[in-house]
Amino acid sequence: MAELEGLEFGKSDFVLLDEVNMEQFMENLKLRFEKGRIYTFIGEVVVSVNPYKKMDIYGKEVIEDYRGRELYENPPHLYAVADAAYKAMKRRAKDTCIVISGESGAGKTEASKYIMQYIAAITNPSQRAEVESVKNVLLKSNCVLEAFGNAKTNRNDNSSRFGKYMDINFNFNGDPTGGHINNYLLEKSRVVQQHEGERNFHSFYQLLRGGSDDLLKSLYLQRDPAVYTYTSQGASVTVASNNDSLCHKAVMAALKVIGFSADDINSIYKILGTILHLGNLQFTSDGEHVTLVGEDTVKQISELTSTEVENVRKALLYRTVATGGGEVIEKGHNEQEASYGKEAFAKALYERLFGWIVGHINAMIEVKDYNPALHGKNTVIGVLDIYGFEIFDNNSFEQFCINYCNEKLQQLFIELILRQEQDEYQREGITWQHIEYFNNQIIVDLVEQPHKGIISILDEACLTAGKVTDTVCLDSMNKKLGQHPHYTSRKLLPTDKTLEFNRDFRIRHYAGDVTYSVEGFLDKNKDPLFQDFKRLMYNSSDPVLKEMWPDGKMSITEVTKRPLTAATLFKNSIIALVDKLACKEPYYVRCIKPNEVKSPLMFDDARCQHQVAYLGLLENVRVRRAGFAYRQLYARFLQRYKMTCEYTWPNHLMSTDQEAVEAIVNQHGFEDDVAYGHTKLFVRTPRTLFTLEQERAALIPILVLFLQKVWRGALARMRCRKIRAIYTIMAHYKCYKVKAHFWEVERRFTNVRNMADYGKSVEWPVPPAALMQFHKITQHLYRRWWARQLIKNIPPSDMAEVRAKVAALAALCGERVDWGYSRAWERDYLANAKDSPLTSSNFVRITKELKNKDQYGQVLFSCFVRMLNWFNNTKDRALLITDKHIYRLEPKKHFKVQKRITLDSVVSVSVTSSTDQMVALHTASHDDILVHLQRGELNSNQDRVGELVGILTDHFTRVRNTALPVKVCSSGMQVQMSGKPKTITVETKPGQTIADFKKSRTGFTLFLPHQ
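Residues numbered from 1 in each chain as written. Predicted model: local features only at pLDDT ≥ 70, side-chain atom pairs only at ≥ 80, totals over all residues. Heavy atoms only, no water.

A. Focus on the overall build of the protein. Per the secondary structure count, the protein includes 31 helices and 31 strands. Rg of the C-alpha trace for the protein: 55 Å, well past the compact-globule value of 30 Å for 1011 residues, more than 25% over. Seen through its principal axes, the protein has C-alpha atoms that stretch 165 × 90 × 55 Å. Within the protein, the fraction of its 1011 residues that count as buried is 52%. When contacts within the protein are restricted to residue pairs at least 6 apart in sequence, those whose partners lie at least 24 apart make up 62%. When the accessible area of the protein is evaluated, it comes to approximately 49,000 Å², of which 52% is carbon and sulfur surface. Across the protein, 132 positive and 120 negative side-chain charges occur, with their mean positions spaced 14 Å apart. (Helix = DSSP H or I, 4+ residues; strand = E, 2+ residues; numbered from the N terminus. Rg over C-alpha atoms; globule rule 2.2 N^0.38 Å. Buried < 20%, exposed > 50% of the residue type's maximum accessible area, 1.4 Å probe, protein only. Contact = heavy atoms within 4.5 Å. Areas by Shrake-Rupley, 256 points an atom, 1.4 Å probe, with all protein chains shown as cover. Lys, Arg positive; Asp, Glu negative; His and termini not counted. Charge placed at Lys NZ, Arg CZ, Asp CG, Glu CD.)

This is the structure in structure tokens:
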């Protein structure tokens, strides 16, 4: 029972129809076609209706949906049958085959291509190069065979004019290792003549419309198909689904992929060119002799076939005959014989070219170096794409052979279906009921029976000496087959005016009555070709042509066995094909053409009903439904319907699945409508199954909601467990990272006490995020320890200087590059005899007096400075800073005190970021002290700004317990002079000898000597 299709799409399996009759069958088929469901099952047979439009049901996602699934698990599809055949081949090591049948235009060729694509897509998952190569050749061979074997007919734009059976060989892994193609009954008469509205084979139009200019020039061809007799009929016929130019490029690429060499491809197109030129050859007669019209055409044919011009002319105009005495004579043709010989030659050229192409493909894809002991069992999937039953207005020898082929295949189809059903009943222990069906063996015997069949009568007529006509052959059939219930003619049934006297005979086939015209039967059966053409081609210097005509090797006087007729050859090949199919497990695709106008919307009931009848689809349904319409393994039946019974949901507690299935059946009261096999349940009527399906469909939404609830809970619990596990892992990992960090820090700093720099050069490991704050604290503690290690070696007398330098470092924040940290700080430079040798003694005396007077504790800093006075004039002065006051002294007047302010009035300090020595002491009274520190005799390049800043900030912090703000200015410095704001800038001036302040528009400028 296919999933995902509701009853609004009809029954997905014809076996489930309420009643098996033509009305219900057609109603279901039409409904599914109108709903876009082109595939329907009959058990394991797929019925396919040509949609005449592109359908999005063949992509990679669809392939994955059907890969490895059972037939009943998905809607009907070609992929379902292809997968079933592949599984049977791979799992049970059984050879299988897929038989695709239907009339022209029903979609057989497309179906075979989709089956090939599916098999290619699901095999070779490991992408082995040699397997991919085989797959590519198998797929590309379709393109080549379509070009040379398909044509546009009135019924189909891409009609296969030959039958094709392809064996694909697989290794024990289920990967394709090679293959073999058999072709049957190429319609070679199409080369020289086509019905109105039809075309010659695609290859001719693809060459003319898609070939390069150089290629056409080398073949002496023009691009217009209307120029050539054999293609002029189809030159104006448009094929909507094919672009000849693009197809030619695809064929050229495919030929190269398959393995045709450049010379092979060149020979192929030379033969096509030869055939086109042959069609344009004309003969004229003066009553006695026949001559050729157009000598240039003969020369071109000679060049293209690599033969002598004279030999070509002789083969076309004369026939070499050996007399009984061994003498060889040349007999000239009349005009009719010459034309007949030319057309026979053209048909034979194309037929042998097609056979050679198929043989070359087979050589490329044959299984090479196969050893069963090493490579395991070699299994096969066969794909048969062969012409369907044909009934035309004028049915000739080709239709006779095609319909005979379909009789054989229909016979095999019914026999295999019956055999499969009977075998299954016996395996399951179910009583088999005899099924009435039409056995078409009587029709097969009518055609192929030795000595009595139509083929034997045709062969006998062909072997009879003398002039035997088609009419004489018809009379012979009337005599021998007059009593056969499936044969008649106008002579046997004079009242039937639909039959022509001495021309028509009728066979009542399983698919319907077909009237054949006997005209041309004998010629087509003999399939004559003058030996001269065979020798001409064999003697060609083109190795490809020579290979195609091995029978041209024989001498004209050599006695040979009479060749088999076309009908006998075809009969033998079909019997061999049927024998080959009979030993495989068959799967069927039955193709139906919905209308004659290729419309995706029209469903012609009468046309489709006729096809359903001659395809034997109703017989198939009856055989499948004989006794029981549906059967399924207990486990699968239980899996699908267990929710409909309280004893089996969600899992049963019975000893076997069969008992559980019985519980389901008994609960619904279906025990009289089923039978129990050994492994399967057999259901008699579809109504039982639909009742179960309806109850299942009603329960599914409830179960889905329940399962969603349970699954969401399970997902939430799983998510919770995962989160808990994640947090546990994270906690342990954090702990590990913390410990690892501690271990690494310990390892790196173990020996720092013994290092010269106490570990200052040791690089700290990067901490985890959780230890970032701790890392900073650790670094801070280390730096304090490191500083302690350095400080403890410093004498107490130097501690004041160290504290001042540390304070300067913190205050300047690295904004001033050089601030004198590398030298000793003297503090009281005016009292230092080395720095101020002329004034130091006098200054020391004055400071003693001031100390006694002002009672300060110590001198913090003293230095000569350049500063502004009250009148904004610059003067050299001395600056003395004690722990209580700041003094401005006049050095020229024995360091007379000019101004004294308390140290507490200083609220901040400003310096610049450059190397100048300007310092501003900002006071609370808004009358700032602006000075430029002058260097003494100790060092003319000493920077004393950092020393002053460090001493003051250290004093304020340590003694006054307050911070002294320090501002480092990069441009202008802001000060207050007598309560007025001023801007102090610094410039370098050429020719300036000493640093000095000059008044500017916004304040003052400190000019520095140019260095």
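B. The arrangement of helix H31 (residues 945–958) in detail. In a regular helix each residue adds 1.5 Å, so 14 residues correspond to 20 Å; H31 covers 20 Å between its end C-alpha atoms and thus fits that length. Burial analysis of H31 places 12 of its 14 residues in the buried class, which makes it a mostly covered element. Val945, Gly946, Glu947, Leu948, Val949, Gly950, Ile951, Leu952, Thr953, Asp954, His955 and Phe956 are the residues of H31 that are buried. (Expected span 1.5 Å × (residues − 1).)

C. Geometry of the sheet that holds strand S13 (residues 487–489). The strand order S13-S14-S15 describes an open sheet built from three strands, whose pairing is antiparallel. Two strands lie at the open edges of the sheet, namely S13 and strand S15 (512–517), each paired on one side alone. Geometrically, the sheet is characterised by an average inter-axis angle of 25° between neighbouring strands, direction not taken into account. Inspection of the sheet shows S13 paired to strand S14 (residues 504–509) by three bridges, in the antiparallel sense. Pairing of Thr488 across the sheet is with Arg506, part of S14. Docked against the sheet, helix H15 (residues 397–428) engages S14 and S15, running at close to 150° with respect to S15. (Pairing = 2+ DSSP bridges. Axes fitted to C-alpha atoms, helices over the stretch in contact; angles between N-to-C directions.)

D. Seen up close, the pattern of salt bridges. Summed over all chains, the structure comprises 41 salt bridges. Salt bridges here are not isolated pairs; linked through shared partners, they connect Arg161, Glu187, Arg190 and Glu198. (Salt bridge = Lys/Arg side-chain N within 4 Å of Asp/Glu carboxyl O.)

E. Examining the sheet that holds strand S25 (residues 918–923) more closely. If you walk across this open sheet you meet the eight strands as S23-S22-S21-S20-S26-S25-S24-S27, and the pairing is mixed. Two strands bound the open sheet, and with one partner strand each, they are strand S23 (896–902) and strand S27 (966–969). When the angles between neighbouring strand axes are averaged without regard to direction, this sheet yields 30°. Note: strand S20 (residues 859–868) against strand S21 (residues 874–882), nine bridges, orientation antiparallel. Bridged to Cys863 within S21 is Leu879.

F. Representation of the environment of Gln194 in the model. Secondary-structure assignment places Gln194 in the loop between strand S7 (176–184) and helix H6 (202–210). Judged by its relative accessible area of 12%, Gln194 is buried. With 39 residues separating them along the chain, Gln194 and Gln233 place their C-alpha atoms 7.1 Å apart. In this view, Gln194 contacts Arg199, Asn200, Tyr230 and Gln233; residues no more than four positions away in its chain are not counted. Only 2.7 Å separates the side chain of Gln194 from the backbone oxygen of Arg190, close enough to count as a polar contact. Within polar-contact distance, the side chain of Gln194 engages the backbone oxygen of Tyr230 at 3.2 Å. (Polar contact = N/O pair within 3.5 Å; in protein donor to acceptor, adjacent residues only side chain to side chain.)

G. Quick look at empty space enclosed by the protein. For the structure on display, the rule yields three cavities of 30 Å³ or more. Of the voids in this model, the largest cavity is the one considered here, and its volume is about 80 Å³. Around the largest cavity, the lining residues are Thr109, Asn142, Leu145, Glu146, Asn150, Ser160, Phe162, Lys164 and Asp385. Broken down by element, the lining of the largest cavity gets its largest block of residues, three residues, from helix H5 (residues 129–149). In terms of residue class, the lining of the largest cavity is built from two nonpolar, four polar and three charged. The wall of the second largest cavity is formed by Met116, Ile119, Ala120, Thr123, Lys135, Leu138, Leu139, Ile168 and Pro176. Where the lining of the second largest cavity is concerned, the elements lending two or more residues are helix H4 (108–122) and H5. Taken together, the residues of the lining of the second largest cavity break down into seven nonpolar, one polar and one charged. (1 Å grid on protein atoms, 1.4 Å probe; cavity = no way out; pocket = protein on both sides within 12 Å on 5 of 7 lines; lining within 4 Å. Points joined across faces, edges and corners; volume = space filled by probe spheres on them. Nonpolar A, V, L, I, M, F, W, Y, C, P; charged D, E, K, R; others polar.)

H. Up close: the packing of aromatic side chains. Following the criterion strictly, the structure yields 32 aromatic pairs and no others. Geometrically, the ring pair formed by Phe397 and Phe521 is edge-to-face, given 5.6 Å between the ring centres and 90° between the ring planes. Linking Phe397 in helix H15 with Phe521 in helix H19 (residues 521–526), this pair joins segments that are 124 residues apart in sequence. One exposure class covers both Phe397 and Phe521, and it is buried. With 6.1 Å between their ring centres and 85° between their planes, Tyr758 and Trp785 make a pair best called edge-to-face. Of this pair, Tyr758 sits in the loop between helix H27 (686–749) and helix H28 (772–791) while Trp785 sits in helix H28, placing them 27 residues apart in sequence. On the basis of relative accessible area, Tyr758 is assigned to the buried category, the value being 16%. Among the aromatic residues, ring-to-ring pairing joins Phe397, Phe400, Tyr487, Phe505, Tyr516 and Phe521 into one connected group. Sitting above the plane of the Phe9 ring, Arg37 keeps its charged end 3.8 Å from the centroid. Directly above the ring of Trp549 sits Arg352, whose terminal nitrogen or CZ lies 4.0 Å from the centroid. (Phe/Tyr/Trp six-rings, centres within 6.5 Å; stacked < 30°, edge-to-face > 60°. Lys NZ or Arg CZ within 6 Å of the ring centre and 35° of its normal.)

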